[in-house]
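Remarks on the overall topology
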Amino acid sequence: MKVPMIMLSSVTELHSYIDRTQLTTELGGTQEYCHEKWISHRTAIEGFALMVKRTAQILQSFGTELAETELPNDIQATSNLLGTHINKKSKMKEDLLVALGQGSRLLESINEPVVRDPDHNMNQDELENLATVQRLLSQLNETERAFDEFWERHKTKLEQCLLLRHFEHNYREVRCLLDQVAERLTAFSEVGISPAHADHIFRELSSHEERVCVTQALAREGDELIQNTHYAEDSIQPKCIELRAVNEELSTYLRAKKDHLLRAIELHHSLERAAKWCDDGIYLLASQPVDKCQSHDGAESALQEIERYLDTAGQNKLTDPSAICRDFETVLNLEFRKVFQKQVSMQEMFEKRRVSLKKLAAKHTRPVQPVAPRPEAIKSPLSSPGESLHTTCPEVLPLQSNRSASMSEEDENLAILRKHVMNELLETERAYVEELLCVLQGYASEMDNPAMASLMPIPLQNKKDVLFGNMPEIYHFHKRTFLRELNWNMLYLQIYEKYCQNKPRSESLWRQCSDCSFFQECQKKLEHKLGLDSYLLKPVQRITKYQLLLKELLKYSKGCEGSEDLQEALTSILGILKAVNDSMHLIAITGYDGNMGDLGRLLMQGSFSVWTEHKKGHAKVKDLARFKPMQRHLFLHEKALLFCKRREENGEGYEKAPSYSFKQSLNMSAVGITENAKGDNKKFEVWCNSREEVYIVQAPTSEVKTTWVKEIRKVLTTQLETPLECYALYITWNNGVCLGGCKRRFRQKCIM
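Residues numbered from 1 in each chain as written. Predicted model: local features only at pLDDT ≥ 70, side-chain atom pairs only at ≥ 80, totals over all residues. Heavy atoms only, no water.

**Topic: the overall build of the protein**
Test applied: Only DSSP runs of H or I reaching four residues or more are called helices, and only runs of E reaching two or more are called strands; each is numbered from the N terminus. Note on contacts: a residue pair qualifies if any of its non-hydrogen atoms lie within 4.5 Å across the two residues.
From N to C terminus, the protein includes 23 helices and 10 strands. Across the protein, every contact between residues at least 6 apart in sequence was considered, and the portion connecting residues at least 24 apart equals 70%.

This is the structure:
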């Protein structure tokens, strides 16, 4: 391309070609122009344009990321995602504000001449720069506005998602809670077995009613989400409908059951008053001595006592069974019939006693006067004995008849008393089972309740088995087996031995944590007047109660059918009590390195004074030991005899029980016994190694000594493996050793 070139020699010559208004001052013109400033503005404008473009791209990319994000299905993930997006949005917002700030400063720089001189006219370049910056700022503001609108929609959706996840989580928890409530409700008996039990059930139902109320609150929460145009309305609405339906169903059921229980409580109190009145009446009859009632004054006094007691019936007596059946038709159970039958039996007893006492009181006792017999009363030897008896003793037969009637009445009373004892056994057994259940539900189960975890001290955590021992096993045995059959299979009652052995550990843990808020809260919920320690003692008290009831039952059953079985049951349970007592001593032994289980069953235990003798040497020790016996507690097992030293009793409760330090053990397969030691009929000798070691044992009484010697001989006889030669030799022995081959040592003749 050809361009004409004009060579100028001066500025003046330049002015002939270009107007002075188009030239800068350096060339003699009037236009204000700074090249450095123009370069600065152009550079800043190009940088700002690039920043606007990059910011728009970043916002577009972030918006695409948000739009493509899948909503999580759990609370934590949704919360984390919301937090992450908020942080990213804040960073985007900071970058956007930086760009806006840079554009504003650039615009101020371009407008600076006009600000300085209002009459200043911008040149074409300045006008173009101004328009460019204003366009970029407008574009940036539009991008910010669009992003903010999109962010608000996205944030709202994430927040609604989080609310939905919370609602769904609460819904699942409430459904689980409602299922638990429904399951617990099915476990409740209809009317309870006592007023206390019915009251406890009523309180439980009230607590469940409060728990069911949370469904209403959750349903209202769902309604609020729907009213706020939640995007998941189709998912929320069915759940709200279901919650209200379940709430209505359970609430209706609970109200009906509470009304049912209130009627039952009223009936229970009536039955309880009637039962107590019957029991007091039966004991009144039992406390009236039959022999004292044979006199006129005694019969009159007893009759008045009965009449006074019958006057106290008042509101205690079940007067009209048909009315009770009508008023309490929905809550009647076997308990009512049992109490009413008891009342009928007691009334029969009272009526029979009244009739007998009235007859006795109506008789007029005639004074006895020493008069001579009439001649006609003296019969000749030819008179028959029957005629003489009938003539001379006209009152004998009526007296015999009265005695027979009295004996018949006494037998009937004994039968009723036997029935009363059996009823007491059944009633106390039911109450005992209910108390165990109350402790297991009100304390043991609460130790697994997360809501109560904050109230439990650290020493109590994970120690449920220590505190309650095998109480669940005892409860299930009495609930499923013993209470149903009462068949006196005493072997099953040995589970109490395990419970009693754990009792010291349980008491120690209780004393350590008894003041904690957990136990106080549980006791408050159960409305117990006594603390948990009183209920932990119930199994120990119950196992001793059986022998008292059996003794009382046996007292009223002498000569009756089944009395031998009762005696056998009493013997069995006394044996179990002895075994429990022995085992409590056994677990207190310290210092024994072996396994107690290898020693066989514990047969006996007791405290003795013990001297020791040695065959070779130790003469001084022997003489000293003669005057200073050792106090030792002996434990006789099937395979060993343990010598222990009793320690001082310290501590509280079960910790007051003594402890024993192990000192010596004798293998029963190598033990011999001398029944009579010189100088005292309470002493016997236990020895081994051909009498190289002799233990002289002094019992507290001769009876204790006889019992121990008999038991030791029984153990030795059981363990003895006798060859045939020993039968032939029979009493062949030398220095206490049988020569028949059995190698047993006896102080007197060989027992074989």
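Now that the structure has been shown, we can carry on.
**As for helix α3 (residues 75–110)**
Note: α-helices contain 3.6 residues per turn, so residues at a spacing of three or four share the same orientation. The condition is simple: Here the expected span of a helix is defined as 1.5 Å times the quantity of residues minus one. Polar contacts, as used here, are pairs of N or O atoms within 3.5 Å; protein pairs need one atom able to donate a hydrogen and one able to accept it. Residues neighboring in sequence count only if both atoms are side-chain atoms.
Helix length check: α3 (36 residues) gives 53 Å between terminal C-alpha atoms against 52 Å at 1.5 Å per residue, within 8%. With a side-chain oxygen lying 3.3 Å from the backbone nitrogen of Q76, the N-terminal cap of α3 falls on D74.

**A closer look at the packing of helix α16 (residues 495–513) against helix α20 (residues 563–586)**
Definition in use: The angle between two axes is taken between their N-to-C directions and runs from 0 to 180 degrees, where each axis is a line fitted to C-alpha atoms and a helix contributes only its stretch in contact. Note on convention: near helix rotated counterclockwise from far helix by under a right angle means a left-handed crossing. Clockwise means right-handed. As a working rule, the residues Ala, Val, Leu, Ile, Met, Phe, Trp, Tyr, Cys and Pro are called nonpolar, Asp, Glu, Lys and Arg charged, and the rest polar, with Gly in that last group.
As a packed pair, α16 and α20 sit with axes 9 Å apart at the nearest point and diverge in direction by 35°. The chirality of how α16 crosses α20 is right-handed. Across the interface between the two elements, E497, C500, Q501 and P504 from α16 touch A579, V580, S583 and M584 from α20. Class assignment for the residues of the contact of α16 with α20 results in 5 nonpolar, 2 polar and 1 charged.

**A short note on the pairing of strand β6 (residues 671–674)**
Heads up, the rule is: The classification of residues rests on relative accessible area computed with a 1.4 Å probe and restricted to protein chains. Under 20% of the type maximum is buried, over 50% is exposed, and intermediate values are partly exposed. We call two strands paired when DSSP finds no fewer than two bridges between them.
Residues V671 and I673 point to one face of β6 and G672 and T674 to the other, with burial holding for every one of them. As defined by bridge partners, β6 adjoins strand β7 (residues 683–688) across 4 bridges and the pair is classed as antiparallel. Across the sheet, residue I673 finds its bridge partner in β7, namely V686.

**A word on the sheet that holds strand β5 (residues 660–667)**
Ordered in space as β1-β5-β4-β3-β2-β8-β7-β6, the 8 strands form an open sheet in which the pairing is mixed. Of all the strands in the sheet, the pair left with one neighbour each is β1 (589–590) and β6. Across the sheet, α20 touches β1, β2 (602–614), β3 (630–637) and β5, and the angle it forms with β2 is around 50°.

**Let's talk about the packing of aromatic side chains**
Which entries qualify depends on this criterion: Each Phe, Tyr or Trp ring (for Trp, its six-membered ring) is paired with any other whose centre lies within 6.5 Å, and the angle between the two planes then decides the class: stacked below 30 degrees, edge-to-face above 60, tilted in between. Either the NZ atom of lysine or the CZ atom of arginine qualifies as a charge over a ring when it sits within 6 Å of the ring centre and within 35 degrees of the ring normal.
Considering all chains together, one arrives at 8 aromatic pairs under this definition. Considering the side-chain rings of F518 and F519, the 5.5 Å spacing of their centres and the 65° angle between planes classify their relative orientation as edge-to-face. For the residue pair F518 and F519, the accessibility class agrees, reading buried in each case. Aromatic rings pair up to connect Y443, W510, F518 and F519 into one cluster. Looking at K157, its charged tip hangs above the ring of Y231, at a distance of 5.7 Å from the centre.

**What about the nonpolar core?**
For clarity, the threshold we go by: Only buried residues count toward a nonpolar core. Its members are Ala, Val, Leu, Ile, Met, Phe, Trp, Tyr and Cys residues joined through side-chain atoms within 4.5 Å.
If you look at the biggest cluster of nonpolar residues, it comprises 52 residues, and the most contacted ones within it are L460, L467, F468, F518, F519 and L532. No other element matches the 10 residues that helix α13 (residues 396–444) contributes to this core. By size, the runner-up hydrophobic cluster in this structure holds 25 residues, among which are L185, A198, I201 and C240.

**Digging into unusual backbone geometry**
Positive phi, close to 60°, is recorded for N462, a residue that is not glycine. Looking at where N462 falls in the secondary structure, it is placed in the loop between α13 and α14 (464–468). A positive phi is found at E527, a non-glycine position, where the angle reads about 55°.

**Let's talk about the packing of helix α19 (residues 538–555) against α20**
Let me state the cut-off plainly: Should an angle fall under 35 degrees it is taken as roughly parallel, and over 145 as roughly antiparallel, whereas 65 to 115 is taken as roughly perpendicular and any remaining angle as oblique.
α20 packs onto α19 with a crossing angle of 155° between their chain directions and a minimal axis gap of 10 Å. Looking at the two axes, α19 sits roughly antiparallel to α20. Seen from above, α19 lies across α20 with left-handed handedness. For the pair α19 and α20, the contacting residues are I543, T544, Y546, Q547, L550, K551, L553 and L554 in the first and S563, L566, Q567, A569, L570, I573, L574 and L577 in the second.

**A few points about a nonpolar patch on the surface**
For the record, the criterion: Within this analysis, patches are made of residues with over 30% relative accessible area and no salt bridge. Like charges are joined at 9 Å or less; nonpolar side chains (Val, Leu, Ile, Met, Phe, Trp, Tyr) at 5 Å or less. The Shrake-Rupley method, run with a 1.4 Å probe, gives the accessible areas here. Residue values count only the displayed protein chains as cover. A side-chain nitrogen of Lys or Arg and a carboxyl oxygen of Asp or Glu constitute a salt bridge if their distance falls within 4 Å.
A cluster of nonpolar side chains, namely I6, L8, Y17 and I18, defines an oily patch on the protein surface of about 370 Å² accessible area. Mapped onto the elements of the fold, Y17 is located in the loop between α1 (11–15) and α2 (35–68).

**Quick word on the side chain of H637**
Tracing the backbone through its elements, the reader meets H637 in strand β3. By relative accessible area, which is 0% here, H637 ends up buried. Discounting residues that sit within four places of it in the chain, H637 has contacts with L586, L599, G600, R601, L602, L603, L642, M668 and V715.

**Focus on the pattern of salt bridges**
This model, assessed by the stated rule, comprises 22 salt bridges. In this structure, R175 engages E242 in a salt bridge whose closest nitrogen and oxygen atoms are separated by 3.8 Å. Pair noted here: R175 is in helix α5 (residues 124–187) and E242 is in helix α8 (residues 233–286), with a separation of 67 residues, a long-range link. Judged by its relative accessible area of 22%, R175 is partly exposed. For E242, a relative accessible area of 31% corresponds to the partly exposed category. In this structure, K503 engages E507 in a salt bridge whose closest nitrogen and oxygen atoms are separated by 3.7 Å. Of this pair, K503 and E507 both sit in helix α16, 4 residues apart, roughly one helical turn. Accessibility assignment for this pair places K503 and E507 in one class, buried. The network of salt bridges with common partners includes K93, E144 and D148.

**Focus: a negative patch on the surface**
We count it as follows: Two residue types count as positive, namely Lys and Arg, and two as negative, namely Asp and Glu; His and chain ends fall outside the count. Charge placement uses NZ in Lys and CZ in Arg. For Asp and Glu, CG and CD serve respectively.
Taken together, the side chains of E561, E564, D565 and E568 define an acidic patch exposed on the protein surface. Secondary-structure assignment places D565 in helix α20.

**Topic: helix α9 (residues 296–310)**
Selection rule: To obtain the arc, one takes the directions from the helix axis to the C-beta atoms.
In this model α9 runs 21 Å from its N-terminal to its C-terminal C-alpha over 15 residues, within 8% of the 21 Å that 1.5 Å per residue would give. Listed as buried for α9 are G298, A299, A302, L303, I306 and Y309. The buried residues of α9 occupy an angular sector of 130° when projected down its axis, which confines them to one face. Turned more than 90 degrees off the buried face of α9, the exposed positions are D297 and R308.

**Side note on the confidence of the model for the protein**
A low pLDDT means the predicted coordinates there should not be read in detail. Note the cut-off: Summary of the metric used: pLDDT quantifies the predictor's per-residue confidence within the range 0 to 100.
With 76% of its residues at a pLDDT of 70 or more, the protein shows a mean pLDDT of 76. Predicted confidence for residues 364–407 stays below pLDDT 50, and this span has 8 contacts to residues more than four positions away or in other chains. Contacts for the low-pLDDT stretch residues 721–752, under 50 throughout, to residues beyond four places or in other chains number 67 contacts.

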